[in-house]
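Residue-level structural notes
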Amino acid sequence: MMKIKKAVLPVAGFGTRFLPATKAIPKEMLTIIDKPLIEYAVEEAISAGAEEIIFITSYTKPAIKNYFSRVPELEKQLKSTGKIELLEKIQPKIFENVKFTYINQKEQKGLGHAILLAEEAVGSDAFSVLLPDDLFISTPSCLEQIRDSYSQNLQPTIAVNRIDKNNIHKYGVVDLGGNQLNKTNTAVISNIIEKPHASVAPSDIAVAGRYIFNPTIFECIKKVEADNSGEIQITDAIKLLTKIENVQVKIFDGEKYDCGSKDGYLEATIAVAMKDPYYSNKIKKIITGKL
Ligand code: UTP
């Protein structure tokens, strides 16, 4: 199985939709029950073979680096009190041979700008990009699914899903330009439009926060000009990329929660809790008690 050895996790945004919490807590550190969103994304990157996690972060978010560092005093305390289960939780085995790299994005000039900062660290191989505020629940993971499409032809691959008309304006929407989805639900796109009005959306297929790129994307990002809000959008770079490489999308199998929004975060918390017999009983009791 092919490995995507480097994963870029852009986490430098301000997370304004979660203010006031995000004044002090990065949105990626918000927890679903007891595990921060960012850890779900790191696990997913590792599932597709990541050996290095490259965080694009900000000096205002020291919590992320702290989270992936060891805390010897706590480890010692858990060992001496026999809390081995918790020890595994704070230092998961799957992280043992993974390198964590931190790159500072000094100004929040957009997702495209954030990804470009990883150019040197990525080097010459294919790499993944995971937006940790999108939480995916599936087996195999969403990134493994797009890795499998990528490995067929080494074409940049983007995870997508179908979105209803009322919500399509919130996403990057792809144009298949007459191409058909094949039996693995993969198709080459002809264009991509950022947040179109429903009446002009080229399809109901929207970008979800998982991508696999070849390093050619960096040249495209360099050519993109900032939009009206001063941000360099990755969507604009992908638009340019479609002119020089086949870019394909894959409709993934599984659940996705947009935890960058409060509704999505709440849904994700309930969905994860409902998969656990203990919490699902508790939730059912609370809800039926209130009805
Ligand atoms: P979002 O727009 O969803 O995140 O960016 P945000 O700006 O933090 O959130 P709101 O809209 O203010 O609530 C998508 C991803 O890109 C990262 C964010 O951290 C998030 O993971 N990002 C965005 C950067 O790393 N740098 C940027 O300049 C912008």
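One numbering rule holds for all chains: residues counted from 1, following each sequence as written. Whole-chain, interface and lining totals are the exception, using all residues; otherwise, since this is a predicted model, local features are given only for residues with pLDDT of at least 70 and side-chain atom pairs are given and counted only at 80 or more. The side-chain figures draw on all heavy atoms in the structure; neither hydrogens nor water molecules are used.

**Considerations on the site of the ligand**
Near is defined per residue: the residue qualifies when any heavy atom it owns lies within 4 Å of the molecule or strand. The full set close to the ligand counts 17 residues, and Pro 10, Gly 15, Thr 16, Gln 105 and Gly 110 are the nearest of them. The term polar contact refers here to a pair of N or O atoms within 3.5 Å; inside protein, the definition further demands a hydrogen-donor-capable atom paired with an acceptor-capable atom, and it admits residues adjacent in sequence only when both atoms are side-chain atoms. Taking Asp 133, its side chain carries an N or O atom lying 3.5 Å from an oxygen atom of the ligand. For every accessible area listed, the method is Shrake-Rupley and the probe measures 1.4 Å; residues are considered covered only by the protein chains on display. Protein contact buries 83% of the 570 Å² of open area that the ligand shows by itself. A breakdown of the residues in the shell around the ligand according to their chemical character gives six nonpolar, six polar and five charged. Gly falls in the polar group here, along with every residue not listed as nonpolar (Ala, Val, Leu, Ile, Met, Phe, Trp, Tyr, Cys, Pro) or charged (Asp, Glu, Lys, Arg).

**A word on the side chain of Glu 39**
The helix and strand labels rest on DSSP assignments: H or I over at least four residues marks a helix, E over at least two residues marks a strand, and numbering proceeds from the N terminus. By secondary structure assignment, the location of Glu 39 is in helix α1 (residues 37-47). Type-normalised accessible area, obtained with a 1.4 Å probe on protein chains alone, sets the label of each residue: buried when under 20%, exposed when over 50%, and partly exposed for intermediate values. Note that His is not counted, nor are the chain ends; the positive residues are Lys and Arg, and the negative ones are Asp and Glu. The salt bridge definition used is simple: a Lys or Arg side-chain nitrogen within 4 Å of an Asp or Glu carboxyl oxygen. Lacking a salt bridge, the buried Glu 39 has Lys 35 as its closest oppositely charged neighbour, with an N-O distance of 5.2 Å. The contact rule is simple, with two residues in contact once any of their heavy atoms fall within 4.5 Å. Among residues more than four places away in sequence, those in contact with Glu 39 are Tyr 67, Lys 89, Pro 92 and Phe 95.

**A short note on the nonpolar core**
Only buried residues count toward a nonpolar core. Its members are Ala, Val, Leu, Ile, Met, Phe, Trp, Tyr and Cys residues joined through side-chain atoms within 4.5 Å. Ranked by internal contacts, the top residues of the largest apolar core, which has 35 residues, are Phe 127, Tyr 211, Phe 213, Ile 217, Ile 234 and Ile 238. Of all the elements in the fold, those that place two or more residues in this core are β4 (52-57), α5 (111-116), β6 (127-130), β8 (157-162), β12 (205-213), α8 (216-223), α9 (234-244) and β13 (248-251). Setting aside anything within four residues of it in sequence, one finds Ile 234 in contact with Leu 111, Gly 112, Ile 115, Tyr 211, Phe 213, Ile 217 and Ile 221. Listed in part, the 29 residues of the second largest apolar core include Ala 41, Phe 136, Ile 146 and Ile 212.

**Description of a nonpolar patch on the surface**
Together, Ile 33, Tyr 278 and Tyr 279 make up an exposed nonpolar region whose accessible area comes to about 290 Å². The residue Ile 33 is located in the loop between β2 (31-32) and β3 (35-36) in this model. By relative accessible area, Ile 33 is classed as partly exposed at 33%. Only residues above 30% relative accessible area that lack a salt bridge enter a patch, with like-charged residues linked at up to 9 Å and the nonpolar side chains Val, Leu, Ile, Met, Phe, Trp and Tyr linked at up to 5 Å.

**Observations regarding the packing of aromatic side chains**
For Phe, Tyr and Trp, where Trp contributes only its six-membered ring, two rings pair if their centres lie within 6.5 Å, and the inter-plane angle classes them as stacked under 30 degrees, edge-to-face over 60, or tilted in between. Using the criterion set out here, one finds 13 aromatic pairs in the structure. On the numbers, 5.2 Å between centres and 90 degrees between planes, the contact of Tyr 67 with Phe 68 is edge-to-face. Of the residues examined, Tyr 67 reaches a relative accessible area of 30% and is grouped as partly exposed. For Phe 68, a relative accessible area of 12% translates into the label buried. Ring centres of Tyr 211 and Phe 213 lie 5.5 Å apart, and the angle between their planes is 20 degrees; on these two criteria the pair is classed as stacked. As far as the burial class goes, Tyr 211 and Phe 213 line up, both buried. Grouping aromatic residues by their ring pairs yields a cluster made of Phe 55, Tyr 67, Phe 68, Phe 95, Phe 100 and Tyr 102.

**Thoughts on unusual backbone geometry**
Following Leu 19, the chain continues to Pro 20 via a peptide bond in cis, the omega torsion being 10 degrees. Within the secondary structure, Pro 20 is located in the loop between β1 (6-10) and β2. Of the consecutive residues Thr 139 and Pro 140, the connecting peptide bond is found in the cis state with omega at -5 degrees. Turning to its location among the elements, Pro 140 is positioned in the loop between β7 (134-137) and α7 (142-153). One non-glycine residue, Ile 33, lies in the positive phi region at around 60 degrees. Positioned with a positive phi, Asn 185 is a non-glycine residue whose angle comes to about 60 degrees. Considering the arrangement of structural elements, one finds Asn 185 in the loop between β9 (172-175) and β10 (186-188).

**A look at the pairing of β8**
Across the six residues of β8, five count as buried, placing the element largely inside the fold. Strands were regarded as paired on the criterion that DSSP finds at least two bridges between them. Relative to β12, β8 runs antiparallel, the two sharing five bridges. Residue Thr 157 lies in a different strand from β12, and its bridge partner there is Ile 212. Alignment of β8 against β13, held across four bridges, turns out to be parallel. Pairing of Ile 158 across the sheet is with Val 249, part of β13.

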